[in-house]
Amino acid sequence: MEYDEVILGRRSIRGYKSDPVPTSLIREIIALAMRAPSAYNSQPWHFYVISGEPLDRIRAGNVERMVAGVPESREFRAGSPFAGAHRDRQVGVAKQLFNAMDIAREDKEKRQEWMLRGFRQFDAPVCVIITYDRVLCDSDDTPFDCGAVANALVNAAWSRGLGTVINSQGIMQSPVVREHAGIPDDQVIMKSIALGWPDDDFPANAVVSERKPLEEAVVFVGFGE
Ligand SMILES: Cc1cc2nc3c(=O)[nH]c(=O)nc-3n(C[C@H](O)[C@H](O)[C@H](O)COP(=O)(O)O)c2cc1C
């Protein structure tokens, strides 16, 4: 695939076929992703590629705790709830997804099932947990670097026909993930990425999220315009 085709075609995938993903292909994708730049070439990232029984245990543990009302215990902070333009964009994409999935605003049951889907890593056959070395955790460069590698990973996956969704819901109960993935204490759990073959019949997979206009994001300085 051409670069533009990957970037413009990629979208988050929230419905997967159950077909397994060969480890050789996952290795290929992660190797491409690891060409991402990082501060002083520190490469602070680690990838836990989880499937089968351990992934089922993570799904079950996440759902059990969320349904029981156990407060979030993520290691990678989410910050305050969005407001203003950020909130508008959050609501915008949620509306697109709910419309596609035919989930009415007042339909609590369907909304709950949609939320639990996220905690189940969207029932994907594979989940990649990105962690970073705790010793570097006081540098903002570290999560920046891991964000770069995550973006590279989702695009590399798309270029090979695989779908992904970067998923905060998957790590909201970080102790569950830490236990079943066997993540040592000297690493911080940053994010999960669901990975697998897209189910083209799953309506939300067709959603193309909006982007703010370039003019709102870009300031040219010194160009004489
Ligand atoms: C840091 C981060 C966390 C995210 N967490 C979730 C999540 O918990 N649940 C979800 O459905 N999508 C999640 N997403 C996917 C975003 O909703 C999605 O990337 C955004 O709406 C843009 O859509 P696109 O990826 O299809 O272009 C997350 C994305 C990022 C980058």
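Residues numbered from 1 in each chain as written. Predicted model: local features only at pLDDT ≥ 70, side-chain atom pairs only at ≥ 80, totals over all residues. Heavy atoms only, no water.

A.B. asks: Would you mind going over the environment of Gly52 with me for this structure?
C.D. replies: Along the chain, Gly52 turns up in helix H3 (residues 52-67). As a C-alpha pair, Gly52 and Pro22 span 30 residues in sequence and 13 Å in three-dimensional space. (Helix = DSSP H or I, 4+ residues; strand = E, 2+ residues; numbered from the N terminus.)

A.B. asks: Looking at this structure, how should I read helix H7 (residues 174-181)?
C.D. replies: Considered for burial, the residues of H7 that qualify are Ser174, Val176, Val177, Arg178 and Ala181. Structurally, H7 contributes buried residues whose contacts are with strand E1 (45-50), H3, strand E2 (126-133) and strand E4 (187-196). (Buried < 20%, exposed > 50% of the residue type's maximum accessible area, 1.4 Å probe, protein only. Contact = heavy atoms within 4.5 Å.)

A.B. asks: Explanation requested: the packing of aromatic side chains in the structure shown.
C.D. replies: Two aromatic rings, taken as a pair, are described by how far apart their centres are and by the angle between their planes. Tallied over the entire structure, the rule returns four aromatic pairs. Taking the centre distance of 6.2 Å and the plane angle of 75° together, the rings of Phe76 and Tyr132 count as edge-to-face. With a gap of 56 residues between them, Phe76 in the loop between H3 and helix H4 (84-101) and Tyr132 in strand E2 connect regions that are remote in the sequence. With respect to class, Phe76 is no different from Tyr132; both count as buried. A centroid spacing of 6.3 Å and a plane angle of 10° characterise the contact between Trp114 and Phe202, whose relative ring orientation is stacked. With Trp114 in helix H5 (residues 108-119) and Phe202 in the loop between E4 and helix H8 (214-217), this pair connects stretches of sequence that are 88 residues apart. Taken as a pair, Trp114 and Phe202 share a single burial class, namely buried. Taken together, Trp114, Phe122 and Phe202 form an aromatic cluster joined through their ring pairs. (Phe/Tyr/Trp six-rings, centres within 6.5 Å; stacked < 30°, edge-to-face > 60°.)

A.B. asks: Looking at this structure, I do not really get unusual backbone geometry. What am I missing?
C.D. replies: Excluding glycine, a negative phi dihedral is what most residues carry, and trans is how most peptide bonds are arranged. A positive phi angle, near 55°, is found at Tyr40, a position not held by glycine. Along the chain, Tyr40 falls in the loop between helix H2 (23-33) and E1. Of note, Gln121 is a non-glycine position whose phi angle comes to about 55°, a positive value. Here Gln121 lies in the loop between H5 and E2. Classification of Gln121 as buried rests on a relative accessible area of 0%.

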